[in-house]
Amino acid sequence: KMNIASGPDPGPDERPAAKARFVQFLCELGRGAAEHGMQVLIEPFDRSIGKGFLIGPTAEAAEVVERVQQEGVNNVGLMLDMGHIPLLEEDIHRAFEISAPYLHHTHVGSCVKRDPNNEFYGDKHPPWGLEGGECDVPEVVEFFDAAFAVGYLRPGHRATVTLEMQPYPGLSADESIDIWLEKLDEAWSLYWSQRRQGDDVA
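Just so you know, these numbers come straight off a predicted model, no measurement behind them. Along each chain, residue indices are assigned from 1 in the same order as the chain's sequence is written. Residues qualify for local features only when their pLDDT is at least 70, as the model is predicted, and side-chain atom pairs are given and counted only at 80 or more; totals for whole chains, interfaces and linings, by contrast, use all residues. Heavy atoms from the whole structure form the basis of all side-chain values; hydrogens and water molecules are not counted.

Visitor: Just to check I follow, could you spell out the nonpolar core for this structure?
Guide: If you look at soluble globular proteins, the nonpolar side chains tend to sit buried side by side. Each nonpolar core is a collection of buried residues, namely Ala, Val, Leu, Ile, Met, Phe, Trp, Tyr and Cys, held together in the definition by side-chain atoms within 4.5 Å. Buried means the residue's accessible area, taken with a 1.4 Å probe over protein chains only, is under 20% of the maximum for its type, while exposed means over 50%, and partly exposed covers the values in between. Within the largest apolar cluster, 25 residues are counted, with the highest numbers of intra-cluster contacts made by Met82, Ile92, Phe96, Trp128, Phe143 and Phe144. Segments assigned H or I by DSSP are reported as helices when at least four residues long, segments assigned E as strands when at least two residues long, and all are numbered from the N terminus. Listing elements by their share of this core, those giving two or more residues are helix 3 (92–99), strand 4 (103–108), helix 4 (137–149) and helix 5 (173–201). The leading source of residues in this core is helix 4, at 8 residues. When checking whether two residues touch, look at their non-hydrogen atoms; a contact exists if any pair is within 4.5 Å. Leave out the neighbours within four places in its chain, and Ile92 touches Met82, Ile85, Glu142, Phe143 and Ala146. By size, the runner-up hydrophobic cluster in this structure holds 21 residues, among which are Phe22, Leu26, Leu54 and Val73.

Visitor: Explain the sheet that holds strand 4 to me, please; I cannot follow it from the model alone.
Guide: What links the strands of a sheet is backbone hydrogen bonding, and the strands pair in either a parallel or an antiparallel sense. Read from one edge to the other, the open sheet built from 5 strands follows the order 1-2-3-4-5, with strand pairing classed as parallel. Both outer strands of the open sheet, strand 1 (2–4) and strand 5 (161–163), are each paired with one neighbouring strand and no more. On average, each strand axis in the sheet is inclined to that of its neighbour by 30°, with strand direction left out of account. By definition, two strands form a pair when at least two bridges between them are found by DSSP. As defined by bridge partners, strand 1 adjoins strand 2 (residues 40–42) across 3 bridges and the pair is classed as parallel. Along strand 2, the bridge assignment pairs Ile4 with Ile42. Packed on one face of the sheet, helix 2 (residues 58–70) meets strand 2 and strand 3 (76–81) and runs near 165° to strand 3. Every axis in this analysis is a line fitted to C-alpha atoms, fitted for helices over the stretch in contact. Angles between the N-to-C directions lie between 0 and 180 degrees. Relative to the sheet, helix 3 contacts strand 3 and strand 4, its axis offset from that of strand 3 by approximately 170°.

Visitor: I tried to follow the packing of aromatic side chains on my own but got confused; where do I start?
Guide: To describe a pair of aromatic rings, you give the distance between the ring centres and the angle between the ring planes. Aromatic pairing here means that ring centres of Phe, Tyr or Trp (its six-membered ring) are within 6.5 Å. Orientation follows from the plane angle: under 30 degrees is stacked, over 60 is edge-to-face, and everything else is tilted. Within this structure, the stated rule accounts for 12 aromatic pairs. Consider the rings of Phe148 and Tyr191, whose centres lie 5.0 Å apart with planes at 5°: the pair is stacked. Of this pair, Phe148 sits in helix 4 while Tyr191 is found in helix 5, placing the two residues 43 residues apart along the sequence. Accessibility classification places Phe148 together with Tyr191 in one group, the buried group. A connected cluster of aromatic rings, assembled from ring pairs, spans Phe96, Phe143, Phe144, Phe148, Tyr152, Trp188, Tyr191 and Trp192. To sit over a ring, a charge needs its Lys NZ or Arg CZ within 6 Å of the ring centre and within 35 degrees of the ring normal. In this arrangement the basic side chain of Arg195 is found over the ring face of Phe148, its NZ or CZ atom lying 5.5 Å from the centre.

Visitor: Help me out: how do you make sense of the packing of helix 3 against helix 4 in this one?
Guide: The relative placement of two packed helices comes down to the angle between their axes together with the axis-to-axis distance. Close contact between helix 3 and helix 4 brings their axes to 9 Å; oriented N to C, the two are set at 30°. The angle between helix 3 and helix 4 places the two elements in the roughly parallel class. As helix 3 packs across helix 4, the resulting crossing turns out to be right-handed. In contact with Ile92, His93 and Phe96 of helix 3, helix 4 contributes Glu142, Phe143, Asp145, Ala146 and Ala147. Split by residue class, the contact of helix 3 with helix 4 holds 5 nonpolar, 1 polar and 2 charged. Orientation is classified from the angle alone, with under 35 degrees giving roughly parallel, over 145 giving roughly antiparallel, 65 to 115 giving roughly perpendicular, and any other angle giving oblique. Crossings are classed by handedness, with left-handed meaning an anticlockwise turn of the near helix from the far one by less than a right angle and right-handed meaning a clockwise turn. Think of it as three bins: nonpolar holds Ala, Val, Leu, Ile, Met, Phe, Trp, Tyr, Cys and Pro, charged holds Asp, Glu, Lys and Arg, and polar takes everything else, Gly as well.

Here it is in structure tokens:
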């Protein structure tokens, strides 16, 4: 898989032309990648906090992929980054629903969007539970819920999920990984516990 971003946003007036050029570029890139058995995945980024990229909202990313596939280039799809959802001011359930027909990879992580003075402000991959961050165990539970709801995670399907975070301040990478895996396991257990409770109520 090859993950790519769209490049800078030129502003509302130039955006339609920039999208058209991006679609053309993806068609050419996708055809070349197909010769090597590779997928090309667009990663949506924010336009307002740090990145300032053309793509952009999840719905626009899905629209671009649809236009590329209409040209017969079917190895171009989407990836979804949990840590980008708050920066995009989106709901993770809706983002998964929009992405589902084209989704081939996901990242789990976090971001900082409310404190410009925080060293992790923007899309700098802070660890879960960092003070000032947007994501911790409850948000990972929501990630699982949204991913299962659209069938990205399902029995018999080997979906790909990558943890994308920097170490906790003052801790080593190994120490941080241990904490991430503990939180991931806690979120997984909470998701299934809540799902069983929902089944019992139904």
